[in-house]
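Listed here are the chains, written in short residue letters.
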Protein chains: 2
Amino acid sequence: MPAAAVGAAGAAAASRDADTGPVLVGTDEWKAMAEAGARYPLFARERARIEASVRAAMDAGVVVPRPKDPGGGYTHEQHKRNYLAIQNAGALYRLTGDRAYADFVRDTLLEYARLYPTLGPHPAGRGEIPGRLFWQTLNDSVWLVHAIQGYDAVRAGLDPEDRRTIEEQVFRRMARFLSDETPANFQRIHNHATWAVAAVGMTGYVLRDEAMVEKALLGLSRDGEAGFLRQIDRLFSPDGYYEEGPYYQRYALAPFVVFANVIERNEPQRRIFERRDGVLLKAVDTLAQSSYAGYFIPINDALLDKGLDTAEMVAGIAIAYARSGDARLLSIAERQGRVLLSPEGLEVARALAAGEAEPFVFRPLMLRDGPEGDRGGLALLRRGGADGQLLVMKNTAQGMGHGHFDKLNWLFYDNGRRVVTDYGAARFLNIEAKAGGIYLPENTSWAKQTVAHNTLVVDERSHFGGNWRRGEAHAPTLLLFEAGEGLQIASARMDGAYEGVAFTRTQALVEHAELGLPVVVDLLRVHGDRAARYDLPLHYAGQIMKVGFDARRELGQRPVLGEANGYQHLWVDAVGEPSAQTRSLTWLLDGRFYTHHFGASAPTRAILAESGANDPEFNLRREPVLIQRMDGQSQASFFAVLEPHGEYNGSAEYVTGADSRIREVRHFRGATADVVALTLVSGTELALGIAHYPSAGPRHRVAGDGHAYEWTGPYARFDRPATARRNGSNTQAKNAQGKKRP
Amino acid sequence: MPAAAVGAAGAAAASRDADTGPVLVGTDEWKAMAEAGARYPLFARERARIEASVRAAMDAGVVVPRPKDPGGGYTHEQHKRNYLAIQNAGALYRLTGDRAYADFVRDTLLEYARLYPTLGPHPAGRGEIPGRLFWQTLNDSVWLVHAIQGYDAVRAGLDPEDRRTIEEQVFRRMARFLSDETPANFQRIHNHATWAVAAVGMTGYVLRDEAMVEKALLGLSRDGEAGFLRQIDRLFSPDGYYEEGPYYQRYALAPFVVFANVIERNEPQRRIFERRDGVLLKAVDTLAQSSYAGYFIPINDALLDKGLDTAEMVAGIAIAYARSGDARLLSIAERQGRVLLSPEGLEVARALAAGEAEPFVFRPLMLRDGPEGDRGGLALLRRGGADGQLLVMKNTAQGMGHGHFDKLNWLFYDNGRRVVTDYGAARFLNIEAKAGGIYLPENTSWAKQTVAHNTLVVDERSHFGGNWRRGEAHAPTLLLFEAGEGLQIASARMDGAYEGVAFTRTQALVEHAELGLPVVVDLLRVHGDRAARYDLPLHYAGQIMKVGFDARRELGQRPVLGEANGYQHLWVDAVGEPSAQTRSLTWLLDGRFYTHHFGASAPTRAILAESGANDPEFNLRREPVLIQRMDGQSQASFFAVLEPHGEYNGSAEYVTGADSRIREVRHFRGATADVVALTLVSGTELALGIAHYPSAGPRHRVAGDGHAYEWTGPYARFDRPATARRNGSNTQAKNAQGKKRP
């Protein structure tokens, strides 16, 4: 009898556990973490950090205010604190066995059970679909993704009555709200919907509600037209690039990998991490590659301070490492200095403690855009490792509503710094004084506009007339990407950004023994069907050292450059007369000099300006820009060489290489190709031949300065020493395909 | 016979060694370094570094060009490289015994022996006394201080003919040039002369020329009216403050401590380090205290990038440590990561290897100015350690030609950043494109002007009419300095900056439990003999979050603020209407918010502006300023509270404390004192009573808002909880002297 009774009780307990035990992380996994965690410093430190923060929340007591404030306001921040406290207290309960943590989760959720059923649309809701706890549904989804994890950890030990109350009044209501009641959000192929399906799906697993899980995976109709699987298929390119760019890729990544990890644990037969050639794990690697000096490349709407150390990336790295065993990811985890309190985090901490990390190697990459990889792409030309040179060519598609109007834009990093810049988004996230922390009006009037980028502006209007839906219809065509020794090159063509105008841009990162550092060669060719104004801005960071052209200065009264499309935000500092010469601008940034040599096929004015005009609320950063302006042409070429050089050491008081090592930059046009030729100070010539169409004709011939550059193929590099030039002898083409005839 | 012969030879060798052996560092000391150096990582690393740099110089061969270029130009930099190579190769010869090093020193100096006698005044000389090798004599002195050390190390082993050639054609000629032939430089009490006397004196010791040494110590007439000893007596205050400020103190320090160290070694009976209570060692400590986040406080002409890691400070710390044994200095050496290749450097490296370093504690300090300590002073109010709060009140004297017109100016540091700023100098040191690397025209037209600082401007003119010689005649009077628990306070009065105008400023760093961080309280009282325009600028770093006052914005056309005295360099962004209210401006800097609450005794306009107008060569940094402007008053008070608060974490996406915790700031005037009262958000009041004259009358009474603040002494702090205020009960004065009556 006693034995049978025990057996029955045991079976009942097992059955109860089967219904209520943790499923997001298994009971055994929690046990393993509780036992092994202290042995691995990173895990132990994270646990201590979490304990301190949860203790602070418990000391403050259960505080569940009625929703009122937008992002950054008190109620917003308190509900954020609550979901973190619920998640973390749940974990600590499992790691320590201390009931106080479970009680705190229960008491907090019971308070939500009282509040939640009384809530209607959030009073600060605007624009986006309003949430209940937060001003936008998105944050409600995020709340649920976190809170359900804490609940899963404590659920088994709850009084059945409390369990029912919490599940009926909070979790089922929220899941319903986020799915059936807001289909316009749930059914989208968009990162907001990813958070929603993850929240609903994870809740489904915890509540053992298969229908809920299925909706999350396959959409409300369970037909696969929406839902998580469809999102995986549509939101990432085959290279793991996310169409909105790295900033939102980071944000979207968290629910993707966290939910996928839950699916893998509960339904391994779905082989979710193998879907589309393992695109989810690829996306983690791609995102890490899309960073420089720890920060994500801020194309499209992006805050500059997001990078590898964000919580989303901590989750991404741990889950990707646990699935792939790729030891290079460990060095990123080491840099983050944080781990998840999860089995995956434990594995990262163990591997790091065992010294298994390998360096993460930043390398040149072409990240194709679009679900089929045929909607342009992001070209990353890279040299010199983590703090070396990174040339980003933004040849991607529009990227929906957060996309900027900057087709064939470029950015350049060097020496650990942003040198040729992208403004990113105009927004102070969660700062109430700044329009409640949402995107500022200047995000539309400045940050998204073409003139705020480093690409072609026609007639002072932005690409696609500033209409992103029109932008969605046109993606750049990738023409070329090659990353060879000493020369990396990318090229793309854009049609449709302006009616009747096509433009092609080729950029290369070129090394030469006489140039201490790689230089950027840039060639932009425009074909318009009528004469227009062409502006080509270059936004740079640094203090001007030398203005290599004559310009009328605006000394005592500073006008704005234009009326609209971002031009109204530019203060003019100087305007040069139209000139057909190659000119230059030299600036200093963090101890290194940069000289931009620029010219064009017809005379251009050089304009020096700065952002910050017509900014009544001081919402803009004030940053300099150089604009090349050509008027009255339809066909045009712009060429430039950006040259990092020298060193200024203010502490040790020495200066080296303050002068450019390039004496002259010239541009020669041929029938089927162009040549950009650099004459170095020594007389040595370095030239780059670029075919108009990579596929067109096998052989190109461009005459220049009494010589002819001849080659086969899309491009060629020509190296001619000073002596050879003096003797008029043949050019030595480093590229076997290239040859120059006297 | 043989024995006698040996004896005679030995004596001859000893006598030869006595004439030619090293005296700047002794033979035994070189031996000790050669033997022990490898054991101490810092010393070993420095030696390896030096070896690499000397090897590179030797590989390049002896290059001694005819002087031509100004600072930053090729010949300038090459002669700098040469003196370092000579010094370092000499040291390596002694440390390794490798003759190649000595040969390189000899060959280089023989080349100088050919060149030097042919030189007249440097072709790029201007302004200052032109040198021979460099555009100014100063650099020639620096050359000699370094080169003579390398020569001292190799001298004994040279062929007598080479020795004679080098000494006659280089060292004696240079010493003569720097002393007898340029008395206007040598006889000054000025840092340029310190380099000259050090160069001449060290050369004297090496050449065993007592007269030369005496001139260096006592001046050309050897009467003590000039020379090194006089400089020690006149250039430092009793607190070790150097009148030009920390930037030049760093520069002056090197020859002071290096030459003193040589004197100590050769004539210990002079007890040079004990002179004036050990002022030279005190000066090293004072200079370290005059830094924040590793950088020196940039008052007067100062580049922002100079700090604790400069070569001068490496020398200063090593020599001071070797003399004082103060283990706190070791932690600065550790931060520097470099040591001298000298007995003192060896001692530092040994002590660091032995783990003897103790933390360098930054503390509140009053650094009196002037040889007698009665010419004002620099007040450093400090809290929270190295990266905490530092309030600098610049109550010093003019500081000669590099002094700025900024009496009673202030700076504020917090969170590792410059918050309330000083522009420093307008100069790009050694960058040829920037006026040859010397001080720019904008140094005079902007950086030195009063409006470029955070202090009173009367009628848009600078202190002393911008004439530093007039400024030399007037120093501030120090009224108060106390650094107590929770309250640090300093006060000073300035007469003579403007005719008929005196002003008194009191600043305090005040802590309160309800304010997370200390706040700055500022009270500036002006007494003029006629109505005038009073401007009080606040130069700050950060992006505006909230403009707490109405202002007309200059949105589409940006005028300049004024015509001259620095005003021509200010672009106007916004101008408020005259207001008698306390207003505020909130900005964000590196994740922390700052709210400046400000008001005055009569209506003021608040003007928002930015530097950078009328700057044809783009020489200025563009930095924001808030100016309070009062018109038509003669007597006036300006009061303000600067409050650091909250946190913006863009990576983890949270914002706390974005709103000021101060509801109201009021100012009450009494007959003998003023009160600045802060009402916190909770209703708690914190007030500071400040007597007009610290010595005047024992008792002060100031009525304010139906209460009376009463106290005895120069100042009092009043703390009144919200409940006490609601009940109208008496104020609780934390300071035992203060009491408030209802």
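Remember, it's a predicted structure, so these values are computed and weren't measured experimentally. (Residues numbered from 1 in each chain as written. Chains lettered and ligands numbered in written order. Predicted model: local features only at pLDDT ≥ 70, side-chain atom pairs only at ≥ 80, totals over all residues. Heavy atoms only, no water.)

**With respect to the overall build of chain A**
This is how it is decided: Only DSSP runs of H or I reaching four residues or more are called helices, and only runs of E reaching two or more are called strands; each is numbered from the N terminus. The atom set for the radius of gyration is the C-alpha atoms, and the globule formula is 2.2 Å times the number of residues raised to the power 0.38. Type-normalised accessible area, obtained with a 1.4 Å probe on protein chains alone, sets the label of each residue: buried when under 20%, exposed when over 50%, and partly exposed for intermediate values. Residue-level accessible areas treat just the shown protein chains as cover; the underlying method is Shrake-Rupley with a 1.4 Å probe. Lys and Arg are tallied as positive, Asp and Glu as negative. Neither His nor the chain termini are counted. A single reference atom marks each charge: NZ on Lys, CZ on Arg, CG on Asp, CD on Glu.
Of the regular secondary structure elements, chain A holds 19 helices and 29 strands. For chain A, the C-alpha radius of gyration of 29 Å lies close to 27 Å, the compact-globule estimate for 742 residues. Burial statistics for chain A: of 742 residues in total, 62% are counted as buried. A total accessible area of about 25,300 Å² is found for chain A, and carbon and sulfur atoms account for 49% of it. Side-chain charges in chain A split into 86 positive and 90 negative, and the spacing between the mean points of these groups amounts to 3 Å.

**Side note on the UniProt feature "domain: Heparinase II/III-like C-terminal" (unreviewed entry) in chain A**
Defined as follows: UniProt positions are given in the numbering used here, feature names are shortened, and annotations may be inferred rather than shown by experiment.
The residues that UniProt annotates with the feature "domain: Heparinase II/III-like C-terminal" (unreviewed entry) are residues 367–626 of chain A. Each end of residues 367–626 of chain A is marked by a C-alpha atom, and these two atoms are 29 Å apart; helix forms 5% of the span and strand 50%.

**Side note on the interface of chain B and chain A**
As a reminder of what qualifies: Contacts were defined at the residue level, with two residues in contact if any of their heavy atoms lie within 4.5 Å. Two parts placed together each lose some accessible area under a 1.4 Å probe, and adding up what both lose gives the buried area. Take a side-chain nitrogen of Lys or Arg and a carboxyl oxygen of Asp or Glu: if they are within 4 Å of each other, that pair is a salt bridge. Polar contact is defined as a pair of N or O atoms within 3.5 Å, subject to the rule that within protein one atom must be able to donate a hydrogen and the other to accept it, and that residues adjacent in sequence are counted only when both atoms are side-chain atoms.
Counting residues at the interface gives 50 residues for chain B and 50 residues for chain A. At the boundary of chain B with chain A, total buried surface from both sides reaches about 4,300 Å², with 50% on carbon and sulfur atoms. On inspection of chain B and its partner chain A, the count reaches eight salt bridges. Two residues, A:Arg250 and B:Glu653, come together in a salt bridge whose shortest N-O distance is 3.8 Å. Remark: the boundary between chain B and chain A carries 27 residue pairs in polar contact (both at pLDDT 80 or more).

**A short note on the pattern of salt bridges**
Residues and elements named next belong to chain B. In the structure shown here, the tally under the stated rule is 119 salt bridges over all chains. The shortest N-O distance in the salt bridge between Arg383 and Glu511 comes to 2.4 Å. In this pair, Arg383 sits in strand E4 (residues 376–383) while Glu511 sits in strand E11 (residues 501–512), placing the two residues 128 residues apart along the sequence. Residue classification places Glu511 among the partly exposed residues on the basis of a relative accessible area of 22%. For Arg558, the salt bridge goes to Asp573, with nearest N and O atoms at 3.0 Å.

**Observations concerning the sheet that holds strand E23 (residues 662–669) of chain A**
All names here are of chain A. Where we set the bar: Strands qualify as paired when DSSP identifies two bridges or more between them. Axes here refer to lines fitted to C-alpha atoms; in helices the fit is confined to the stretch in contact. Angles between the N-to-C directions go from 0 to 180 degrees.
Overall, antiparallel pairing links the four strands, which are arranged E23-E24-E25-E28 in an open sheet. Strands at the two margins of the open sheet, each flanked by one partner only, are E23 and strand E28 (715–720). Direction aside, neighbouring strands of the sheet carry axes that sit 15° apart on average. In terms of strand pairing, E23 meets strand E24 (residues 673–680) through seven bridges, oriented antiparallel. Paired with Val665 across the two strands is Leu678, which belongs to E24.

**Some remarks on helix H15 (residues 329–336) of chain A**
All names here are of chain A. Which entries qualify depends on this criterion: Throughout, the arc means the angular range of directions from the helix axis out to the C-beta atoms.
Of all the positions in H15, only Leu329, Leu330, Ile332, Ala333 and Gln336 are classed as buried. The buried residues of H15 occupy one face: seen down the axis, they fall within an arc of 155°. Tucked inside the fold, the buried residues of H15 contact helix H3 (41–60), helix H13 (275–289), helix H14 (311–324) and helix H16 (343–353). Within two residues after H15, Gly337 carries a phi angle of roughly 70°, on the positive side.

**Some remarks on the relation of the copies chain B and chain A**
Short version of the rule: For the least-squares superposition of copies, only C-alpha atoms count, and only for residues with pLDDT at least 70 in both.
Placing chain B over chain A gives an RMSD of 0.0 Å and needs a rotation angle of 180°, together with 0.0 Å of translation along the axis. One copy is carried onto the other by what is essentially a two-fold rotation axis. In terms of proximity to the rotation axis, the leading residue of chain B is B:Arg558, whose C-alpha is 2.4 Å off the axis. Of the interface residues in chain B, 100% have counterparts in chain A that sit at the interface too, so the contact is made through matching surfaces.

**Things to note about the domain arrangement of chain A**
Residues and elements named next belong to chain A. Test applied: Where a domain begins and ends is set by an automatic assignment or by a domain database.
We note that the domain assignment places domain 1 (1–219), domain 2 (236–361), domain 3 (365–660) and domain 4 (661–742) within chain A. When each unit is reduced to the centre of its C-alpha atoms, the spacing between domain 1 and domain 3 is 45 Å. The partner domain 3 presents six residues to the 11 residues of domain 1 that form the contact. Between domain 1 and domain 3 lies a buried interface of about 620 Å² when both sides are counted; carbon and sulfur atoms form 50% of it. Put simply, domain 1 and domain 3 have zero salt bridges between them. Connecting domain 1 to domain 3 are zero residue pairs in polar contact (both at pLDDT 80 or more).

**Re the pairing of strand E16 (residues 570–576) of chain B**
Residues and elements named next belong to chain B. For E16, the tally of buried residues reaches seven of seven residues, placing the bulk of the element in the interior. Sheet topology note: the strand E14 (residues 551–553)/E16 ladder contains three bridges and is antiparallel. Within E16, the position partnered with Arg553 by the bridge is Ala574.

**Some remarks on the nonpolar core**
Just so we agree on the cut-off: Residues belong to one nonpolar core when they are buried, are Ala, Val, Leu, Ile, Met, Phe, Trp, Tyr or Cys, and are joined through side-chain atoms within 4.5 Å.
Grouped together as the largest cluster of nonpolar side chains are 131 residues, with contacts concentrated most on A:Leu133, A:Trp143, A:Tyr151, A:Phe171, A:Phe228, A:Phe259 and A:Met313. With 13 residues, the single largest contributor to this core is helix H12 (residues 246–266) of chain A. If we skip the residues at most four places from it in the chain, A:Phe259 touches A:Val197, A:Ala198, A:Gly201, A:Met202, A:Tyr205, A:Ala216, A:Leu217, A:Phe228 and A:Ala254. Ranked by size, the runner-up nonpolar core spans 130 residues in total, among them B:Leu110, B:Met212, B:Ala283 and B:Leu440.

**Regarding the side chain of B:Gln231**
Residue and element names in this part refer to chain B. Relative to the assigned elements, Gln231 resides in helix H11 (residues 228–235). Residue Gln231 is classed as buried on the basis of its relative accessible area, which comes to 0%. A distance of 3.5 Å separates a polar side-chain atom of Gln231 from the backbone oxygen of Arg188. Contact partners of Gln231, with chain neighbours within four places excluded, come to Phe186, Arg188, Ile189, Ala193, Thr194, Val197, Phe236 and Phe256.

**Digging into the packing of aromatic side chains**
All names here are of chain B. For clarity, the cut-off: The aromatic pairing rule takes the rings of Phe, Tyr and Trp, using the six-membered ring of Trp, and pairs them if the centres are within 6.5 Å, calling planes under 30 degrees apart stacked, those over 60 edge-to-face and the rest tilted.
As enumerated under the stated definition, the model contains 34 aromatic pairs over all chains in all. Note on Phe228 and Phe256: the rings are 5.4 Å apart at their centroids and 35° apart in plane angle, and the pair reads as tilted. Placement of Phe228 in helix H11 and of Phe256 in helix H12 (residues 246–266) is noted, with a sequence separation of 28 residues between them. Pair check on accessibility: Phe228 and Phe256 agree, each one buried. Here the aromatic rings of Tyr423 and Trp446 are separated by 6.3 Å at their centres, their planes lie at 90°, and the arrangement is edge-to-face.

**Considering the sheet that holds strand E7 (residues 417–420) of chain B**
Residues and elements named next belong to chain B. Pairing within the open sheet is antiparallel, and its five strands lie in the order E3-E4-E5-E6-E7. Unpaired on one side and paired on the other, strand E3 (365–368) and E7 mark the two borders of the sheet. Neighbour to neighbour, the strand axes of the sheet diverge by 20° on average, direction disregarded. Relative to E4, E3 is paired through four bridges, and the arrangement is antiparallel. Directly across from Arg368, in E4, lies its bridge partner Gly377.

**Digging into the packing of helix H11 (residues 228–235) of chain A against H13(A)**
Residue and element names in this part refer to chain A. Let me state the cut-off plainly: For classification purposes, an angle smaller than 35 degrees is called roughly parallel, one larger than 145 roughly antiparallel, one from 65 to 115 roughly perpendicular, and anything else oblique. Charged means Asp, Glu, Lys or Arg here, nonpolar means Ala, Val, Leu, Ile, Met, Phe, Trp, Tyr, Cys or Pro, and polar covers whatever is left, Gly included.
The N-to-C vectors of H11 and H13 enclose an angle of 85°; their axes lie 10 Å apart at closest approach. Taken together, H11 and H13 sit at an angle that is classed as roughly perpendicular. Where H11 abuts H13, its residues Leu229, Ile232 and Asp233 lie against Arg275, Arg276, Val279 and Leu280. Counted by class, the contact of H11 with H13 contains four nonpolar, no polar and three charged residues.

**Topic: the environment of B:Glu372**
Residues and elements named next belong to chain B. With respect to the element layout, Glu372 can be found in the loop between E3 and E4. When the C-alpha atoms of Glu372 and Pro441 are compared, they prove to be 34 Å apart, with 69 residues separating the residues in sequence. Setting aside anything within four residues of it in sequence, one finds Glu372 in contact with Arg234 and Pro238. Among the polar contacts listed, one links the side chain of Glu372 to the side chain of Arg234, at a separation of 3.4 Å.

**Section: the environment of A:Asn300**
Residues and elements named next belong to chain A. Relative to the helices and strands, Asn300 is located in the loop between strand E2 (295–296) and H14. Taking the C-alpha atoms as reference, Asn300 lies 6.2 Å from Gly424; in sequence the two are 124 residues apart. Every residue in contact with Asn300, bar those within four places of it in the chain, is listed here: Glu243, Glu244, Gly245, Lys394, Gln398, His402, Gly403, His404, Asp406, Gly424 and Ala425. Here Lys394 takes part through its side chain, which lies 2.8 Å from a polar atom of the side chain of Asn300.

**A closer look at the side chain of A:Arg553**
Inspection of the secondary structure assignment puts A:Arg553 in strand E14 (residues 552–553). Although A:Arg553 lies buried, it forms no salt bridge, and the closest oppositely charged side chain, A:Asp573, sits 4.2 Å away as judged by the N-O distance. Here B:Pro616 takes part through its backbone oxygen, which lies 2.8 Å from a polar atom of the side chain of A:Arg553. Residues within four places of A:Arg553 in sequence aside, it is in contact with A:Asp573, A:Ala574, B:Asp615, B:Pro616, B:Glu617 and B:Phe618.

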